[in-house]
Amino acid sequence: MDTEKSNDTDIQVLENGGWDIKTLGKDPYVFVKPLNKALDLKHNQLSFSYFCPTGLDHIQVYFYPLGKQIRSVMSPEVGSTEGWVDFRIDLSDYVGAWGRTGDFLRMDFGTSAGINIQVKNIKLREMTARELEIQASKEFKKQQELMLESNLQTYLDQDFSNQVSNVLITDNKVTLTGKVVDNTNLYIAEIPVYENSTALKIFTCLEPIKNNNFEIDLNRFVERDGFKQDRLLSKWMIVEKINEQYLGVSHARYTDSVVPKYNDTFTKLTSKKGLGGYSAHREAPVSDLDSLGITSATVNIWINGLLRSKPSKDNMAFEYLGKTFYINKKKIEKYDETMRSTSARNIEVSAILLVAKASQSTDKVIGDILQHPDTDPAGIYAMPNVTSPKGVQYYSAILDFLAKRYSRPDKKYGRIHHYIIHNEVDAGWVWTNAGEKSALVFMDLYHKSMRMSHNIARKYNPNSKVFISLTHYWNWTSNPRFYHSKALLELLLKYSKTEGDFEWAIAQHPYPESLREPKTWLDKKVNFDFDTQLITFKNIEVLDAWVKQPEVLFKGKTKRLVYLSENGTNSPTYSEKDLKEQAAGMAYAMKKIKYLDGIDAFQYHNWQDNRKEGGLRIGLRRFPDDKENPGGIKPVWKVYQAFGTEKEDDVYDQYKAMIGVKNWNEIRYEVNIDKNSGAKSK
């Protein structure tokens, strides 16, 4: 970019490459320096990476030189993203007429002032093989998924008089119980997790139903599709035989319970105070766990960073269902050290399971096996491949390895208590990419991943929970490829109702409306009803009320766990004013959640400022390479430390004037919130 030629922008060069652009008016644009040689006609794709928590209404590209007709191409809405996302604009209709030595571009960044976008890695390149493959199959995929969407909706909405009511897994047996109106020509059919029950025509397992109230025992393990499978992961449906074909006449049901190897008891956290993205190998001191009074933590686990496809001196072997798999020794030893450091302090750990794209995987064979086949290159992480026997085999193998290793009563390797299934799935296009999918088709895939993780974890720990991970976009989004958190939760409830409830939980990220603005009390896109656009710290009471609704309770009785598993406030700079505002934002948030018994834990993100977070300074500590005070604690660290101690008010009260209150009770919303509340203000 030519930083000397721009309009309505403040543009700065980033230290690690790229540009930080702030829009100052309604016509912000920046020129790109001229081509120093003629462009290859195949290099007709303009691509770059960007970080922009608010998103833009569009990016428009103008083709120069001056003095001739200026043509342009408009890219649709550039969605919000809280990570570095790849973006591509097709210039194929223009390259040829444009692209000689000296030709140049102008990039227009929407039509609004006050937007902050960072851009790097600008290239003119040819389409990749993966992009060509996606483009070629796009229309066919679209038609396939429209049919799947219709079938799934019909299936979920249908009422059946027949029912599989319980699935119990013991050491070597599956026990199925249920009832039918008339058992004539009815069978129990097994549906492996990688099959689609609404499309399956041929069933490899059909067991006749002999009584209207039935109980059927089957072997737990079976050889199928070239490997041994654990029916713990299957679901079961009643089908009727009609003219040599089989028609589903019940909802399918997953495993309700499995006899666990260990009998741990569930221990309620003694404090809501936790730490996000913890690792014993970060540059911040591990002693912070003690100094801050941390009782819970999240740990990121890149599962295809662990698995390897071949034996070597650097890998260790493990067995799963009769097959040998391989784990990288150095990677797992680092996780062991992290888990031991938390176990030694009785800190509860929730592992965040992340699947890297195949292109980003150390072992490309493993990457290809584990990533969903429709993964788009634009995503940061992928949905796991739960659509093929091999994908399910490898995914279940690593899930079992982790649950087995980190559930031991002796804590030899440390402990993992719960599993957060991927990251911010309402922003799945960025963080859990499975290509372009409707919310229902996406949830059908994600629900399978949740069930697999839940059932395997419960083999070892009867109290292990799986969490759905969500952003603060509740009933609105600034990115057309994102889903609404509320809609995904409603779909998950529907799957739980139709296919057997399981004890899933919620990991929500109620950042302020703008991640760059710590003064969350100024948030605009919030109100105090279940149709609010966002759930931020300002209206966190909405989530507290939503999870307590009778229809949301696990089996109608038990409140689901809610962890605020990634959240913090930002200091735009290290000026005294910005640091105080960051601390004030956190004091405001903690004084809110303190009194909400529907919120069970809060894991602060980030422990330390990170150069890879698009210019955010959201940590409790400064950048480790900060010139003035490397890794130094910020005022927000002291706010977090004081929470729940006798020093809380001494530390917090200094921020009342900045927030604009005289008493902390003023920030609390204590009016009943329900489906009919429609509350718009305090």
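Here, the structure is the one placed above.
Residues numbered from 1 in each chain as written. Predicted model: local features only at pLDDT ≥ 70, side-chain atom pairs only at ≥ 80, totals over all residues. Heavy atoms only, no water.

## Re the nonpolar core
And step 1. Core analysis: the largest hydrophobic core is formed by 150 residues, its most contacted members being Ile-301, Leu-402, Tyr-419, Ile-468 and Trp-504.
And step 2. Ranked by residue count, the leading element in this core is helix H8 (residues 439–457), at 10 residues.
And step 3. Every residue in contact with Leu-402, bar those within four places of it in the chain, is listed here: Ile-301, Ile-303, Leu-306, Leu-353 and Tyr-419.
And step 4. In this structure, Leu-39, Ile-59, Phe-63 and Ile-352 belong to the second largest nonpolar core, which totals 48 residues. (Core = buried A, V, L, I, M, F, W, Y, C linked by side-chain atoms within 4.5 Å. Buried < 20%, exposed > 50% of the residue type's maximum accessible area, 1.4 Å probe, protein only. Helix = DSSP H or I, 4+ residues; strand = E, 2+ residues; numbered from the N terminus. Contact = heavy atoms within 4.5 Å.)

## Points about the pattern of salt bridges
And step 1. For the structure on display, the rule yields 49 salt bridges.
And step 2. A salt bridge links Asp-600 to Lys-559, with the shortest nitrogen-to-oxygen separation between them at 2.7 Å. With Asp-600 in the loop between helix H11 (576–593) and strand E31 (601–604) and Lys-559 in the loop between helix H10 (541–546) and strand E30 (562–567), this residue pair connects regions lying 41 residues apart in the sequence.
And step 3. With a closest N to O distance of 3.3 Å, Glu-576 and Lys-580 form a salt bridge. Taken as a pair, Glu-576 and Lys-580 lie in helix H11 at a separation of four residues, close to a single helical turn.
And step 4. According to the relative accessible area criterion, Lys-580 is partly exposed, its value standing at 36%.
And step 5. Within this structure, Lys-141, Glu-145, Asp-374 and Lys-437 form a network of salt bridges that share partners. (Salt bridge = Lys/Arg side-chain N within 4 Å of Asp/Glu carboxyl O.)

## Considerations on the sheet that holds strand E23 (residues 307–308)
And step 1. Within the open sheet, the three strands sit side by side as E23-E25-E24. Their pairing is antiparallel. Here the strands that pair on one side only, and so sit at the sheet edges, are E23 and strand E24 (315–320).
And step 2. Relative to strand E25 (residues 323–328), E24 runs antiparallel, the two being bridged by six bridges. Residue pairing across strands places Glu-319 opposite Thr-324, the latter belonging to E25.
And step 3. Across the face of the sheet, helix H6 (residues 389–405) comes into contact with E23, E24 and E25 while running at roughly 100° to E24. (Pairing = 2+ DSSP bridges. Axes fitted to C-alpha atoms, helices over the stretch in contact; angles between N-to-C directions.)

## Regarding empty space enclosed by the protein
And step 1. The final tally for this structure, using the stated rule, is three cavities of 30 Å³ or more.
And step 2. In this structure, the largest cavity occupies an estimated 100 Å³ of space.
And step 3. Lining the largest cavity are 14 residues, with Phe-227, Gln-229, Asp-230, Leu-233 and Val-392 sitting closest to its centre.
And step 4. Listing elements by their share of the lining of the largest cavity, those giving two or more residues are strand E17 (227–230) and H6.
And step 5. A total of four residues in the lining of the largest cavity trace back to one element, the largest contributor, which is E17.
And step 6. Classifying every residue of the lining of the largest cavity gives eight nonpolar, four polar and two charged. (1 Å grid on protein atoms, 1.4 Å probe; cavity = no way out; pocket = protein on both sides within 12 Å on 5 of 7 lines; lining within 4 Å. Points joined across faces, edges and corners; volume = space filled by probe spheres on them. Nonpolar A, V, L, I, M, F, W, Y, C, P; charged D, E, K, R; others polar.)

## Examining helix H9 (residues 485–499)
And step 1. Here H9 is 15 residues long and its end C-alpha atoms lie 21 Å apart, about the 21 Å a rise of 1.5 Å per residue gives.
And step 2. Counting buried positions over the 15 residues of H9 gives 11, a clear majority of the element.
And step 3. Turning to H9, its buried residues are Ser-485, Lys-486, Leu-488, Leu-489, Leu-491, Leu-492, Leu-493, Tyr-495, Ser-496, Thr-498 and Glu-499.
And step 4. For H9, the elements touching its buried residues are helix H1 (129–157), strand E18 (235–242), H8, strand E28 (466–470), strand E29 (505–508) and H10.
And step 5. Looking one or two residues beyond H9, the residue adopting positive phi is Gly-500, at roughly 100°. (Expected span 1.5 Å × (residues − 1).)

## Things to note about the packing of H1 against H9
A pair of packed helices can be characterised by two numbers: the angle between their axes and the separation between those axes.
And step 1. Between H1 and H9, the least distance of the axes is 10 Å, while the angle of their chain directions is 55°. Judged by the angle between their axes, H1 and H9 are oblique. The handedness of the crossing between H1 and H9 is left-handed. Contacts from Leu-152, Tyr-155, Leu-156 and Asp-157 in H1 reach Lys-494, Tyr-495, Thr-498 and Glu-499 in H9.
And step 2. For the contact of H1 with H9, the class distribution of residues is four nonpolar, one polar and three charged. (Parallel < 35°, antiparallel > 145°, perpendicular 65-115°, else oblique. Left-handed = near helix turned anticlockwise from the far one by under 90°.)

## Focus: the sheet that holds E31
Across a sheet, paired strands are connected by hydrogen bonds in the backbone, their directions being either parallel or antiparallel.
And step 1. Taken together, eight strands build a closed barrel; the order of strands is E21-E22-E26-E27-E28-E29-E30-E31 and the barrel is parallel. The average undirected angle you get between the axes of adjacent strands in this sheet is 25°.
And step 2. Sheet topology places strand E21 (residues 273–275) next to E31; three bridges connect them, and they run parallel. Of the residues in E31, the one forming a bridge with Leu-275 is Tyr-604.
And step 3. On the sheet, H8 packs against strand E26 (348–354), strand E27 (418–421) and E28 and is oriented at approximately 145° with respect to E28.

## Re the pairing of strand E2 (residues 9–13)
And step 1. Bridge analysis of E2 against strand E3 (residues 19–23) gives five bridges, and the strand direction is antiparallel. What sits directly across from Asp-10, in E3, is Lys-22.
And step 2. The turn linking E2 back onto E3 is made up of five residues, and Gly-17 within it adopts a positive phi angle of 100°.

## Observations concerning the layout of surface pockets
And step 1. In this structure, the second largest pocket occupies an estimated 770 Å³ of space.
And step 2. Around the second largest pocket, the lining is made up of 29 residues, and of these Gln-118, Arg-611, Gly-615, Arg-617 and Phe-623 lie nearest the centre.
And step 3. When contributions to the lining of the second largest pocket are tallied by element, the ones reaching two or more residues are E3 and strand E10 (116–125).

## A few points about the side chain of Asn-385
And step 1. Secondary-structure assignment places Asn-385 in the loop between helix H5 (364–370) and H6.
And step 2. For Asn-385, a relative accessible area of 8% puts it in the buried group.
And step 3. Reaching out from Asn-385, the side chain makes a polar contact with the side chain of Thr-387 at a distance of 2.6 Å.
And step 4. Within the structure, Asn-385 has its side chain in polar contact with the side chain of Ser-388 (distance 3.1 Å). (Polar contact = N/O pair within 3.5 Å; in protein donor to acceptor, adjacent residues only side chain to side chain.)

## Some thoughts on the environment of Leu-176
And step 1. Mapped onto the elements of the fold, Leu-176 is located in strand E12 (residues 173–179).
And step 2. Assessed through its relative accessible area of 0%, Leu-176 is described here as buried.
And step 3. Through-space distance from the C-alpha of Leu-176 to that of Pro-512 is 47 Å; in sequence the pair is 336 residues apart.
And step 4. Residues contacting Leu-176, with those up to four places away along its chain left out, are Asn-166, Val-167, Ile-188, Phe-214, Glu-215, Ile-216, Leu-218 and Trp-236.

## Comments concerning H8
For an α-helix, 3.6 residues make a turn, and residues three or four places apart therefore share a direction.
And step 1. For H8, with 19 residues, the first-to-last C-alpha span of 26 Å sits near the 27 Å given by 1.5 Å per residue.
And step 2. Of all 19 residues in H8, 18 are buried; the element is thus mostly enclosed.

## Let's talk about the packing of aromatic side chains
Describing an aromatic ring pair means giving the distance of the ring centres and the angle of the ring planes.
And step 1. Counted according to the given criterion, the structure contains 27 aromatic pairs.
And step 2. With centroids separated by 5.6 Å and ring planes inclined at 40°, the aromatic side chains of Phe-48 and Phe-87 adopt a geometry described as tilted. Of the two residues, Phe-48 is situated in strand E5 (residues 45–52) and Phe-87 in strand E8 (residues 81–90); the sequence distance between them amounts to 39 residues. Just as Phe-48 is buried, Phe-87 falls in that class too.
And step 3. Among the aromatic residues, those joined into a ring-pair cluster are Tyr-29, Phe-31, Tyr-64 and Phe-104.
And step 4. When the ring centre of Phe-221 is taken as origin, the NZ or CZ atom of Lys-228, which lies over that ring, is 4.9 Å away. (Phe/Tyr/Trp six-rings, centres within 6.5 Å; stacked < 30°, edge-to-face > 60°. Lys NZ or Arg CZ within 6 Å of the ring centre and 35° of its normal.)

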